[in-house]
Amino acid sequence: MSAVILHLIAAILFLAAALFAISLGQAFENGNDKGSGHLAVITLVFLALGFTLQVIA
């Protein structure tokens, strides 16, 4: 049961990382790349946490 919960949390993290990556792409597309480093770091952190949870589960 706890493995299922960890997989669900990881899936939510992957979804959040995808949304941040989309907004990062839109920021570059619009030429508004100010603060995009923060979006990139958040995206990488969410991906790292998601992969870590997948390995643990």
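Below: a short report on this structure. Here the structure is a predicted model, which means the values were calculated and not measured.

Procedures and definitions
Here, residues in each chain are numbered from 1, in the same order as that chain's written sequence. Owing to the predicted nature of the model, reporting of local features is limited to residues with pLDDT of at least 70; listing and counting of side-chain atom pairs is limited to 80 or more, with chain, interface and lining totals taken over all residues. With hydrogens and water stripped out, all remaining heavy atoms of the structure feed into the side-chain values. Stacked, tilted and edge-to-face are the three classes assigned to paired rings of Phe, Tyr and Trp, where Trp is represented by its six-membered ring and a pair needs centres within 6.5 Å; plane angles under 30 degrees give stacked, over 60 edge-to-face, the rest tilted. Strands here mean DSSP runs of E at least two residues long; helices mean DSSP runs of H or I at least four residues long; both are numbered from the N terminus. Partly exposed describes any residue whose relative accessible area lies between the buried limit of under 20% and the exposed limit of over 50%, with all areas from a 1.4 Å probe on protein chains only and scaled to the type maximum.

A few words on the packing of aromatic side chains. What the rule picks out here adds up to two aromatic pairs. Aromatic pair Phe14 and Phe51: ring centres 5.1 Å apart, planes at 65°, arrangement edge-to-face. Of this pair, Phe14 sits in helix H1 (residues 2-29) while Phe51 sits in helix H2 (residues 36-56); the two residues are 37 residues apart in sequence, bridging distant segments of the chain. An angle of 55° between the planes, with centres 5.6 Å apart, marks the rings of Phe20 and Phe46 as tilted. Within this pair, whereas Phe20 is found in helix H1, its partner Phe46 is found in helix H2, the two being separated by 26 residues in sequence. The class for Phe46 is partly exposed, based on a relative accessible area of 22%.

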